[in-house]
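Here are the chains, one letter per residue:
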Amino acid sequence: MTDPRGFLQIQRRLGPYRPVAERIRDYDEQHLHAPEGLVREQAQRCMDCGVPFCHNGCPLSNLIPEWNDLVHRGEWLEASARLHRTNNFPEFTGKLCPAPCEEACVLTINDDAVAIKEIELAIAERALAEGWVVPEPPSESTGRSIGIVGSGPAGLACAQQLARAGHAVTVYERDDRAGGLLRFGIPDYKLEKRSVDLRIEQLEAEGVSFVYSVEVGVDLSADELRARHDAVVLATGAQRQRDITLPGRELDGIHLAMPYLIAQNRRVAGLEADPAAPSAAGKRVAILGAGDTSADCLGNVIREGAASVIEIAHGPLPPGRREPLKTWPEWPALIRNYPVHEEGGSREWQIETVGFEGADGRLAGLRARRVDYPEYAETRSRRSVPVEDLLLDVDLVLLAIGFVGIQPGDGLAEALGIGVSTRGTIETDGAQATSADGVFACGDCVRGADLIVTAIAEGRRAAAAVERSLMRAPAPTA
């Protein structure tokens, strides 16, 4: 590093966000571009720690100390090259990743971590602005064909790696646009869709073909898919949401979160949306959940102009401070605040929903009880003790309480002859290969709902596995 003592002299600082009063009136991105001077200063905090545990925290094994040093010295083009060497879409991770690399930073032991995510985003944005992100088509074709089912981050990363290796790649997407949850799940205020469009254009220029509005297993049979391609990669995601079974669940006004988020993204994009999807405008809203999905609902609900909104989690209140000597370099259990939590509404923990009340078939109230976890601080026991009963006046409840695997019903996994685990995910051998010869899988459909950075990493690993498999197979004849 150019300044191994920089971390002793410089405190962690992050780039600015748009004012709350301004950003809640639109769906433009919340985060502003960080000034170059700030980014180079923060890169100076990355120390010559000998063993960079940030590599351990990053599923992509990004070359973090290398591009931090390059940014500090103002060598942005080379920094972009190093970043793209391991990450196909750093602007996505720079905006959306929770940064496990920062939790693994050596500085976290006794100080604030290096602002790795901020630096990564600055490199990615500089590369796009300067025109350094260009198509990299292969010099020759291998004559092999791969079909990829799903165009989320795992499928896109896999497609790009295989196309650059010279294979003919076709991506099948059941929606009318590519991107998966990047397009229709993540709100625009976190990720503008022009970023997704730019990467789709890049992949098309590299030879990737996209087939839209085709659901494999329904519109295209598994047998036909296998007949068209030398290998198949499943990157279908894990969008089967966890539901609840409580008195009053049948009332009108209780909805799963993903249909709401998808409809909102389509409305913002000016596309046709499901007319059955709810709107939060003018309503008293309760969001059940405490993760990314519930926070995404919160931001949308606020922008729609809800009369009130409360985000409810039933679990114990997580710690607000790190205990690095107990957790480092692993991901610690902490309360995670997002920019939307500055924008409005309230957030409650340790409230257990027990049922719903309504009138004339419409939701009118949420029955709950406040609970305590007396043993949690010492033993992490989640044994709850009721404290008081609550009745919340609500018109709309959004269920954002997690995912339970791949969506059932189409029989694709069965038709391809591959196993599905008890968790509802596709079984692989640990190297992205399924039990069916020539069929691979990656991303959330294998891991369950996970991070975008992990999906990209698995897409790259699946591409490498396909490449190894095709290299062992006989070459196609003319």
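Residues numbered from 1 in each chain as written. Predicted model: local features only at pLDDT ≥ 70, side-chain atom pairs only at ≥ 80, totals over all residues. Heavy atoms only, no water.

Colleague: What exactly am I supposed to notice about the pairing of strand S12 (residues 396–399) here?
Modeller: Each regular strand shows side chains that alternate between the opposite faces of the sheet. Burial of the side chains of S12 extends over both faces: Leu396 and Leu398 are buried on one face and Val397 and Leu399 on the other. Here 3 bridges tie strand S5 (residues 254–256) to S12, and the two strands are oriented parallel to one another. Bridging from a neighbouring strand, Leu256 pairs with Leu399 of S12. The pairing of strand S6 (residues 284–288) with S12 spans 4 bridges and is classified as parallel. Looking at S12, one finds that Val285 is bridged to Leu396. (Buried < 20%, exposed > 50% of the residue type's maximum accessible area, 1.4 Å probe, protein only. Helix = DSSP H or I, 4+ residues; strand = E, 2+ residues; numbered from the N terminus. Pairing = 2+ DSSP bridges.)

Colleague: Even after reading the chapter, I still don't get the pattern of salt bridges, so can you show me in this structure?
Modeller: Side chains that carry opposite charge are capable of pairing whenever their charged atoms lie near each other. Under the criterion given, the structure shown has 40 salt bridges. The salt bridge partner of Arg12 is Glu102, with a shortest N-O separation of 3.1 Å. Here Glu102 lies in helix H8 (residues 100–103) and Arg12 lies in the loop between helix H1 (6–9) and helix H2 (20–23), a separation of 90 residues in the sequence. Overall, Glu102 belongs to the buried group, its relative accessible area being 11%. Salt bridges sharing common partners tie together Arg23, Arg303, Glu342 and Glu343. (Salt bridge = Lys/Arg side-chain N within 4 Å of Asp/Glu carboxyl O.)

Colleague: It is not clear to me how the sheet that holds strand S11 (residues 385–393) should be interpreted in this structure. Could you clarify?
Modeller: By way of backbone hydrogen bonds, the strands of a sheet pair with one another, either parallel or antiparallel. One open sheet holds the 3 strands; their spatial order is S9-S10-S11, and the pairing between them is antiparallel. Taken across any chain shown, the strands that pair with only one partner, and hence form the sheet edges, are strand S9 (351–359) and S11. With strand direction ignored, the average angle separating the axes of adjacent strands in the sheet is 20°. (Axes fitted to C-alpha atoms, helices over the stretch in contact; angles between N-to-C directions.)

Colleague: I tried to follow the packing of aromatic side chains on my own but got confused; where do I start?
Modeller: How two aromatic rings sit relative to each other is given by the distance of their centres and the angle of their planes. Summed over the entire model, instances satisfying the criterion amount to 4 aromatic pairs. Measuring from centroid to centroid gives 4.7 Å for Phe53 and Trp328, while their planes differ by 55°, and the two rings are tilted. With Phe53 in the loop between helix H3 (36–43) and helix H4 (54–57) and Trp328 in the loop between helix H16 (324–327) and strand S8 (346–348), this residue pair connects regions lying 275 residues apart in the sequence. You can call Trp328 partly exposed: its relative accessible area is 22%. Between the aromatic rings of Phe210 and Tyr212, the centroid separation amounts to 6.0 Å while the plane-to-plane angle is 10°, which identifies the pairing as stacked. You can call Tyr212 partly exposed: its relative accessible area is 30%. (Phe/Tyr/Trp six-rings, centres within 6.5 Å; stacked < 30°, edge-to-face > 60°.)

Colleague: What is the right way to look at the packing of helix H14 (residues 257–268) against helix H15 (residues 292–304) in this model?
Modeller: When two helices pack together, you describe them by how their axes are tilted relative to each other and by the distance separating the axes. Contact geometry of H14 with H15 gives a least axis separation of 10 Å together with a crossing angle of 50°. Classified by the angle their axes make, H14 and H15 are oblique. As for how H14 packs across H15, the hand of that crossing is left-handed. Across the interface between the two elements, Ala257, Met258, Tyr260, Leu261, Gln264 and Arg267 of H14 pack against Thr293, Asp296, Cys297, Asn300, Val301 and Glu304 of H15. Grouping the amino acids of the contact of H14 with H15 by side-chain chemistry returns 6 nonpolar, 3 polar and 3 charged. (Parallel < 35°, antiparallel > 145°, perpendicular 65-115°, else oblique. Left-handed = near helix turned anticlockwise from the far one by under 90°. Contact = heavy atoms within 4.5 Å. Nonpolar A, V, L, I, M, F, W, Y, C, P; charged D, E, K, R; others polar.)

Colleague: Is there a simple way to think about H3 in this case?
Modeller: Counting along an α-helix, one turn takes 3.6 residues, and residues three or four places apart therefore face a common direction. Among the residues making up H3, those that are buried are Leu38, Val39, Gln42 and Ala43. Considered in projection along H3, the buried side chains sweep an arc of 135° and stay on one side of the axis. In this structure, the buried side of H3 is in contact with helix H5 (64–72), helix H6 (76–86) and helix H9 (116–130). (Arc of directions from axis to C-beta.)

Colleague: For this particular structure, what's the right way to read the packing of H3 against H9?
Modeller: Across the interface, H3 lies against H9 with an axial gap of 10 Å and an inter-helix angle of 135°. Between H3 and H9, the angle is such that the two are oblique. Where H3 crosses over H9, the handedness of that crossing is left-handed. For the pair H3 and H9, contact is made by Glu36, Val39, Gln42 and Ala43 and by Ile119, Ala122 and Arg126, respectively. Tallied by class, the residues present in the contact of H3 with H9 amount to 4 nonpolar, 1 polar and 2 charged.

Colleague: Please clarify how the side chain of Asp188 should be interpreted in this entry.
Modeller: Topologically, Asp188 is positioned in the loop between helix H11 (181–184) and helix H12 (193–205). The charged side chain of Asp188 is buried without a salt bridge, its nearest counter-charge being Lys193 at 4.2 Å. Not counting residues within four places of it along the chain, the set of residues in contact with Asp188 comprises Tyr27, Asp28, Glu29, Lys193, Asn265 and Val268. (Lys, Arg positive; Asp, Glu negative; His and termini not counted.)

Colleague: In this structure, what is going on with the sheet that holds strand S13 (residues 439–441)? I would like to understand it.
Modeller: The strand order across the open sheet built from 5 strands is S3-S2-S1-S4-S13, with neighbouring strands paired in parallel fashion. Of all strands in the sheet, those bounded by a partner on one side alone are strand S3 (209–212) and S13. Geometrically, the sheet is characterised by an average inter-axis angle of 20° between neighbouring strands, direction not taken into account. One ladder, built from 4 bridges, connects strand S2 (residues 168–173) with S3; its direction is parallel.

Colleague: Would you explain the nonpolar core in this entry?
Modeller: Generally speaking, soluble globular proteins have nonpolar side chains that are buried together. Counting 69 residues, the largest nonpolar core has Trp67, Ile148 and Val233 as its most contacted members. A total of 10 residues in this core trace back to one element, the largest contributor, which is helix H20 (residues 452–472). (Core = buried A, V, L, I, M, F, W, Y, C linked by side-chain atoms within 4.5 Å.)

Colleague: Looking at this structure, how should I read the layout of surface pockets?
Modeller: Vacant regions in the atomic arrangement are exposed by a probe of water-molecule size rolled over the atoms. Of the pockets and cavities examined, the second largest pocket occupies roughly 360 Å³. Surrounding the second largest pocket, 22 residues form its lining, His33, Leu121, Glu125, Arg126 and Ala129 being those nearest its centre. Of all elements in the fold, only H3, helix H7 (90–96), H9 and H12 reach the threshold of two or more residues within the lining of the second largest pocket. The element that contributes the greatest number of residues to the lining of the second largest pocket is H9, accounting for 7 residues. Here the residues of the lining of the second largest pocket sort into 10 nonpolar, 3 polar and 9 charged. (1 Å grid on protein atoms, 1.4 Å probe; cavity = no way out; pocket = protein on both sides within 12 Å on 5 of 7 lines; lining within 4 Å. Points joined across faces, edges and corners; volume = space filled by probe spheres on them.)

Colleague: Please clarify how unusual backbone geometry should be interpreted in this entry.
Modeller: Generally, phi is negative for residues other than glycine and the peptide bonds are trans, each holding for most cases. The omega torsion across Trp328 and Pro329 is 5°, close enough to zero to call that bond cis. Within the element layout of this structure, Pro329 appears in the loop between H16 and S8. Phi at Ser213 takes a positive value of approximately 60°, unusual for a residue other than glycine. The exposure class assigned to Ser213 is partly exposed, which follows from its relative accessible area of 46%.

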